[in-house]
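Structure at a glance
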Amino acid sequence: NGVRNDIRTIETNIGNLVSDALLWQAEQLIDSFDTPLIGVQNGGGIRNSNTFEPGEVISIADTINILPFANFVTVVEDIDPAQLLAFFENAVSNVEGVDGRFAQVSGVKVGFDLESDPFSRIVSITLDDGTEIVKNGQLVDGAPTIAIATNSFSARGGDDYPIGDNPRTQLPVSYQEALANYISDELGGTITAEDYPAGGEGRLFAAKVVDEPIKSVPEPGAILGLLAMGSLGTGALKRRQQSHK
């Protein structure tokens, strides 16, 4: 599914396919990475705006229609946790406007809340290995710096992505060539429903910030002591207990 209104607002399997291709191509051409690597493709860079039916052949010409711009696979390094949070806040800041900055992703799961104000929407960012970078809307202590495999447009700060002066390496492969290479070489020429289900895989999902659990509860003796002193009435105690459920 590469329909314009979908690719810019929700996870789609063609978005997953393209972002996987960027990640895979970067891994093929760079010997090793000192930090975790994820793939990101902006929805606005996917342009075919149609669906492919099961059994339909996807040709080289189709990959050009999907990814028609002169963009090259580019790796942006030294993305610290705060910058990654800002990166994805930008990605979901104008979903209502069907904006091309919406991100399709690989190697990471991102939870966001569209009922919150723009730039306050990201609830969680978790790498595929389980490493949490944002949890419950907050940066996680000790979260790693990462690298992003994307296209050269996004790597230059297109769509207002906060790239800044981060080091970047542009590879000699266009994002369209990366897609064609990935389908041919990594997938063996067949895109299966098992690998790329129609409804996506939960890489991008609706989420809410939840109340933190109570970290400590007074000892029973302390509560009884307060009651005996008249400092805490039974009605107030009941209200407190209900509010913490």
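Residues numbered from 1 in each chain as written. Predicted model: local features only at pLDDT ≥ 70, side-chain atom pairs only at ≥ 80, totals over all residues. Heavy atoms only, no water.

1. What about the pattern of salt bridges?
Keep this limit in mind: When a carboxyl oxygen of Asp or Glu lies within 4 Å of a side-chain nitrogen of Lys or Arg, that pair is called a salt bridge. Accessibility here uses a 1.4 Å probe with only protein chains present; expressed as a share of the type maximum, an area under 20% marks a residue as buried, one over 50% as exposed, and anything in between as partly exposed.
As enumerated under the stated definition, the model contains eight salt bridges in all. The residue arginine 203 makes a salt bridge to glutamate 201 at a minimum N-O spacing of 3.3 Å. Owing to a relative accessible area of 36%, glutamate 201 belongs among the partly exposed residues under this scheme. The network of salt bridges with shared partners includes Asp20, Glu201 and Arg203.

2. Some thoughts on the sheet that holds strand E3 (residues 103-106)
Where strands meet in a sheet, backbone hydrogen bonds hold them as pairs that are either parallel or antiparallel. Going by this rule: A strand pair is defined by DSSP finding two or more bridges across the two strands. Secondary structure follows DSSP: runs of H or I at least 4 residues long count as helices, runs of E at least 2 residues long count as strands, and numbering of each begins at the N terminus. Lines fitted to C-alpha atoms define the axes, with helix axes restricted to the stretch in contact, and inter-axis angles between N-to-C directions lie between 0 and 180 degrees.
Taken in spatial order, the five strands line up as E3-E1-E8-E2-E9 in an open sheet, and their pairing is mixed. Strand pairing shows two members of the sheet lacking a second neighbour, E3 and strand E9 (168-174), which therefore form its edges. Within this sheet the neighbouring strands show an average axis-to-axis angle of 25°, counted without direction. As defined by bridge partners, strand E1 (residues 37-42) adjoins strand E8 (residues 146-151) across three bridges and the pair is classed as parallel. Residue pairing across strands places isoleucine 38 opposite isoleucine 148, the latter belonging to E8.

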